[in-house]
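Descriptive structure summary
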Amino acid sequence: MKARFALAAWVALAGPAAAADFQFEGYGDVRLVAPPSTESYLDGELGKLRYGSGDDNFQLGDLVGQGRVLITPELMATATARAEDDYGPALNLLEAYIRYRPVSTNEWRWSVKVGAFFPPMSLENEQVGWTSFWTITPSAINSWVGEELRIIGAEGTLEWRRESGTLTLAGAVFGDNDPAGVMIADRGWTFDDRYTGLFGPQRLPDASAFGATPPVYAHLFTEIDHRPGWYLDLSWEPADIGGFEVMRYDNDADPRDTQGGQIAWHTRFWDVGFEKQLGKLTLLSQGMSGATTIEPSPFFHQTTDFRSAYALAGYDMDEWWAAARVDVFQTRTTASFPSDLDEDGHAFTLSLSWLPKKWLRFTAELLSVDDTRQERLVEGDPAHAVETQLQFLTRVYF
Amino acid sequence: MFHKLLSAAAGAFALAATSATAATVDVAVTDANGKPAANTVVTLAPDVQPAPASHVAARVVIDQQHETFLPLVVVVRKGGEAVFTNNDTTMHQVYSFSSVKQFQFEIDRGQVSKPVVFDKSGVAAIGCNIHDNMVAYVFVADAPFAAVTDALGHAQIRDVPDGAWHAAAWHPQLRIGKQPAPVALAVSGQQTKLSLTLALSGTPMAGMSRMHKSDY
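Since this is a predicted model, take the numbers as computed values, not measurements.

1. Quick notes on the overall build of chain B
Counting its regular elements, chain B contains 0 helices and 17 strands. Evaluated residue by residue, chain B yields a buried proportion of 46% over its 216 residues. Of the contacts made within chain B by residues no fewer than 6 positions apart, 67% connect residues no fewer than 24 positions apart. Counting every atom, chain B has about 9700 Å² of accessible surface; 53% of that belongs to carbon and sulfur.

Following this line, the structure appears as structure tokens:
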């Protein structure tokens, strides 16, 4: 299903039902940033962070709004939009979907979701606008999910609700995401809470332009091979808070197919997640291992294996909370000719947040990424880089 | 971490020279760290039958505000009823699939529900089919006396006849199947103190810091 259809359906349904039950919430934030001296990947470079050289002092962060209308108590339509002034359209859509979830008075409950939405595996991004409670910047895994993946299709969910906890199986078929994989292969892992909108391109690194004149862009939410992808996600959420999750994702793209200069990247991965709450202490961990492949001609093929994992410890004192996270990440590329796309790295994140009012959040975050990527030599930079970004965020919820 | 611990120290002392036939039981419940355990249901059952008539509320009200059930825990007598009010800015679809009671209904802004009768004892977990973060617990008491502790972990159970009783505790953060055994309590005089310590796990409800969680 096209994202455009989902948006149109939402708009069409929102009108008559708005008087019945419509809610709108969101946030806007500004940030005081001390960026690294490298340039951000958003500017076509090989920096790992949202901010880079030239982005110091005050930055307008995000302005995100989420509307939701209950057509009936069991049928809900929601859309999340973001306004920005730097990259892509001034107004973009992050999600738009309709969910049907009939009430059940027994242990089983099912639901169906149709439209465009984030896949369900992130243990960090559970707040409005797919933001993280613990930190400003999500892990490498969820930064990538927010950048390259969007499920544009239909998802069915079946829950088995026991006294001891809930077992959930979710499965989806989707399309319009065939270029997913190009960023992780050609640029590698990044750390960013700016998630790609459904409309508008994402800039590829100038270093991998391969003869084209930069800037070169990828249109990530495009259907190329007319072959649906799928995922299955199984999670267990015990009654005493915590959980375990495992997902298999395969966009099943035909790696030989191309359209308008874009290649279908066959991207597939396993993702596992674990969460445990011990009093005020929360432990989160996710691991991902996958690969993405293209074969646009009989004379060229490329496969990039990508892996990452993180462990986060968070301490919640209600109005105050703190988090520390360690990420490790790696890519390995084999191609028809020698590749310089391999990378190895790790990152440390420290974050402290304060919510003095229910509508006001302050967060200080220190994020340091240490990695080696041979591709930087193309730009005349050393392969090894250490990038440190300090942010002071003020976020107002509405 | 998940071992359950219940320790009780129950003592009775007379505050008046005259003999009393009923007393107020002052309940104080803490967790294993000594912090007040709010939302604990404490019940008193007599050792000698027949039990006196129930002093537990026959009707309770559960409100909905800011996508939250208030209060988190209520106690009602067996055969009693709960009424739900909606003072929120959105509709809710209240339901329960607990073995104690299965029901569901929609409730719009400003509405009051029809009474829901609880004719089986036990605990019914209540949810909202629209907002998964919402939860409440209705404790349906067989015992003739019961109360829910406040934010300081305190509760008072009044008019308890002198005699031998057993006190039991339930809390949403006690693990399933790990309820502590009842403890003996001798009630005599006008004032009896009951102190309980519970080993709790997890967090039963989102705190202020989690209030922007997206639950749909």
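2. Topic: the packing of aromatic side chains
A complete count under the given rule lists 30 aromatic pairs over all chains for this structure. Centroid distance B:F84 to B:F103: 6.1 Å. Interplanar angle 45°. Geometry classified as tilted. Placement of the pair is B:F84 in strand β7 (residues 81-86) and B:F103 in strand β9 (residues 102-107), with a sequence separation of 19 residues. Taken as a pair, B:F84 and B:F103 share a single burial class, namely buried. Measuring from ring centre to ring centre gives 6.3 Å for B:F103 and B:F118, while their planes differ by 90°; the resulting arrangement is edge-to-face. Linking B:F103 in strand β9 with B:F118 in the loop between β10 (116-117) and β11 (122-128), this pair joins segments that are 15 residues apart in sequence. Put simply, the rings of A:W144, A:F174, A:W189, A:Y231, A:Y249, A:F269 and A:F306 touch in pairs and so form one group of aromatic residues. Geometry around A:F117 places A:K113 over its ring, the cationic atom sitting 4.5 Å from the centre. The ring of A:Y41 is capped by A:R187, whose NZ or CZ atom sits 4.6 Å from the centre of that ring.

3. As for the side chain of A:E147
Of note, A:E147 is situated in helix α2 (residues 140-148). If we ignore the near neighbours within four places in the chain, the residues touching A:E147 are A:Y41, A:M183, A:R187, A:T190, A:T196, A:Q202, A:L220 and A:F221.

4. With respect to the pairing of β11(B)
Residue and element names in this part refer to chain B. With 2 bridges connecting them, strand β8 (residues 92-97) and β11 associate as antiparallel partners. By the bridge assignment, V94 is partnered in β11 with C128. Bridge analysis of β11 against strand β12 (residues 135-141) gives 6 bridges, and the strand direction is antiparallel. Counted as the bridge partner of I126 is A136 from β12. Connecting β11 to the antiparallel partner β12 that follows it, the hairpin turn spans 6 residues.

5. A short note on the nonpolar core
The tendency in soluble globular proteins is for nonpolar side chains to be buried as a group. A:W144, A:F269, A:M288, B:F84, B:F118, B:I126 and B:V138 are the most contacted members of the largest nonpolar core, which totals 68 residues. By residue number, the principal contributor to this core is α2(A), which donates 4 residues. Not counting chain neighbours up to four residues away, the residues in contact with A:W144 comprise A:L149, A:I184, A:W189, A:T267, A:F269, A:M288 and A:F306. Ranked by size, the runner-up nonpolar core spans 22 residues in total, among them B:L44, B:A147, B:I157 and B:L174.

6. A word on unusual backbone geometry
A cis geometry characterises the amide bond from A:P214 onward to A:P215, with omega recorded as 5°. Looking at where A:P215 falls in the secondary structure, it is placed in the loop between β10 (202-203) and β11 (217-218). With omega at -5°, the peptide bond leading from B:L70 into B:P71 counts as cis. Along the chain, the position of B:P71 falls in the loop between β5 (68-70) and β6 (73-77). Residue A:H226 is not a glycine yet carries a positive backbone phi of 55°.

7. Considerations on the sheet that holds β5(B)
By way of backbone hydrogen bonds, the strands of a sheet pair with one another, either parallel or antiparallel. Residue and element names in this part refer to chain B. Pairing in this open sheet of 4 strands is mixed, and the strands run β5-β4-β7-β10 from one edge to the other. Looking at strand neighbours, the two that pair on one side only are β5 and β10, the edges of this open sheet. In this sheet, β7 lies alongside strand β4 (residues 59-65) in parallel orientation, the contact comprising 6 bridges. Across the sheet, residue V60 finds its bridge partner in β7, namely A82.

Rules used throughout
- Residues numbered from 1 in each chain as written.
- Chains lettered and ligands numbered in written order.
- Predicted model: local features only at pLDDT ≥ 70, side-chain atom pairs only at ≥ 80, totals over all residues.
- Heavy atoms only, no water.
- Helix = DSSP H or I, 4+ residues; strand = E, 2+ residues; numbered from the N terminus.
- Buried < 20%, exposed > 50% of the residue type's maximum accessible area, 1.4 Å probe, protein only.
- Contact = heavy atoms within 4.5 Å.
- Areas by Shrake-Rupley, 256 points an atom, 1.4 Å probe, with all protein chains shown as cover.
- Phe/Tyr/Trp six-rings, centres within 6.5 Å; stacked < 30°, edge-to-face > 60°.
- Lys NZ or Arg CZ within 6 Å of the ring centre and 35° of its normal.
- Pairing = 2+ DSSP bridges.
- Core = buried A, V, L, I, M, F, W, Y, C linked by side-chain atoms within 4.5 Å.

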